[in-house]
Amino acid sequence: MPDAPNPDFAAWAREGQKRVEEALERLLPAATLAPTRLHEAMRYACLGGGKRVRPLLVYAAGQVVGGSPDALDRAAIAVEAIHAYSLVHDDLPCMDDDVLRRGRPTCHVRYDEATAMLVGDALQSFAFEMLAEIDVPAGPAVVVEMIRTLAQAAGSRGMAGGQAIDLAAVGRTLTLPELEMLHIHKTGALIRASIVLGASCGAERSADQVAALQAFAKAAGLAFQVVDDILDSDGDPAELGKTPGKDARANKPTYVTCLGLSEARQHARELHDQALRALDPLGARARRLRELADFIVLRRH
Ligand code: IPE
Ligand code: IPE
Ligand code: MG
Ligand code: MG
Ligand code: MG
């Protein structure tokens, strides 16, 4: 994380990013395996880019409960695969029609639209395959719970539903509760799932810990999309790796287009405080989650 203020956190984050990259590299089907174009495009969409915030949240939540490293790796790549799929579809001409992602041509530009659609389909299946093969200390019943958590977060009452609300809202001004509903679904759901999945990988989790993590996840997930909206409005294209200014041009209701930049910034600060307060009962074990909350709000990309 080049813009992380704290070198110790930056080193921890780099290590986590390396683990995710290596696990994806190893577990995604090889590009030489038929159908080679689809496998190559799946690897293009997942490898060599992205901040890996969701996997880092999996690892950081895992630290709170003493999660097993192998299980955390699997959970991390499952959630990253769903996220990468959501980006590939989000960029399609029928959705946000974007040509730049993670500093490179979007999947449908580099390959073609039909391939990009299939990349999303196949990455979604890949994610559930990864979860189904997981071995957690609390046993197979928890694995089933994890599969349900990710399925709900990705589906019509989670990310995909949020994307539907986003498209239906084009050209409208939303109220604060409506905006919150949109963001909680399209981005918050997967962020919340990352934290729940990380917590599921530990043998030591208590109901109180899970409640604190859930409260943190809700605020951090919402903050993530509020900051994404801010960066779309005032981000530097070179740092961002995607085209800024798209929300206003596409008439998307966002925290910035509906409330203005300074109110959106204020809201991000409030959510940041809320997220940090939620971690108070967890003590020193939640250190990386605190640092990730700081990163989510202070990032420039
Ligand atoms: C961008 O997500 C899309 C949203 C859900 C807001 P990220 O900002 O996490 O994108 P990458 O993974 O770092 O490219
Ligand atoms: C994307 O929101 C949310 C999902 C991909 C689920 P945006 O459309 O704002 O994301 P960017 O700005 O293109 O990354
Ligand atoms: Mg979008
Ligand atoms: Mg988009
Ligand atoms: Mg955006």
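Please read all numbers here as calculations on a predicted model, not as lab measurements. (Residues numbered from 1 in each chain as written. Chains lettered and ligands numbered in written order. Predicted model: local features only at pLDDT ≥ 70, side-chain atom pairs only at ≥ 80, totals over all residues. Heavy atoms only, no water.)

1. Some points on the overall build of the protein chain
If you tally the helices and strands in the protein chain, you get 15 helices and 2 strands. Since a compact globule built from 301 residues should have a radius of gyration of about 19 Å, the 18 Å found for the protein chain is in line with a globular shape. For the protein chain, the spread of C-alpha atoms along the principal axes amounts to about 50 × 50 × 35 Å. A separation threshold of at least 6 residues defines the contact pool for the protein chain, and within that pool the share at least 24 residues apart is 73%. Surface accessibility of the protein chain: about 12,600 Å² in total, with carbon and sulfur atoms responsible for 54%. (Helix = DSSP H or I, 4+ residues; strand = E, 2+ residues; numbered from the N terminus. Rg over C-alpha atoms; globule rule 2.2 N^0.38 Å. Contact = heavy atoms within 4.5 Å. Areas by Shrake-Rupley, 256 points an atom, 1.4 Å probe, with all protein chains shown as cover.)

2. Considering the site of ligand 2
Around ligand 2, the surrounding shell consists of Ser-86, Leu-87, Asp-90, Asp-96, Arg-101, Met-159, Gln-163, Lys-186, Gln-225, Asp-228 and Lys-242. The protein chains hide 91% of the 390 Å² of surface that ligand 2 would expose on its own. The set of elements that each furnish at least two residues to the shell around ligand 2 consists of helix H4 (69–90), helix H8 (159–168) and helix H10 (207–234). Residue contributions to the shell around ligand 2 peak at 3 residues, all from H4. In terms of residue class, the shell around ligand 2 is built from 2 nonpolar, 3 polar and 6 charged. (Near = heavy atom within 4 Å. Nonpolar A, V, L, I, M, F, W, Y, C, P; charged D, E, K, R; others polar.)

3. A few points about the nonpolar core
Ranked by size, the top nonpolar core spans 98 residues in total, and within it Ile-82, Val-119, Leu-123, Met-146, Leu-150 and Phe-216 carry the most contacts. For this core, the element with the highest residue contribution is H10, accounting for 13 residues. Residues in contact with Met-146, not counting those within four places in the same chain, are Ala-75, Leu-131, Ile-134, Val-136, Leu-197, Ser-200 and Cys-201. (Core = buried A, V, L, I, M, F, W, Y, C linked by side-chain atoms within 4.5 Å. Buried < 20%, exposed > 50% of the residue type's maximum accessible area, 1.4 Å probe, protein only.)

4. Details of the packing of aromatic side chains
All chains considered together, the criterion is met by 2 aromatic pairs. Relative to Tyr-111, the ring of Tyr-44 lies with its centre 5.5 Å away and its plane at 75 degrees, an arrangement referred to as edge-to-face. Placement of Tyr-44 in helix H2 (residues 36–46) and of Tyr-111 in the loop between helix H5 (107–110) and helix H6 (113–132) is noted, with a sequence separation of 67 residues between them. Neither Tyr-44 nor Tyr-111 differs from the other in exposure class; each is buried. (Phe/Tyr/Trp six-rings, centres within 6.5 Å; stacked < 30°, edge-to-face > 60°.)

From the geometry alone we can't say anything about function, so treat these as descriptive.
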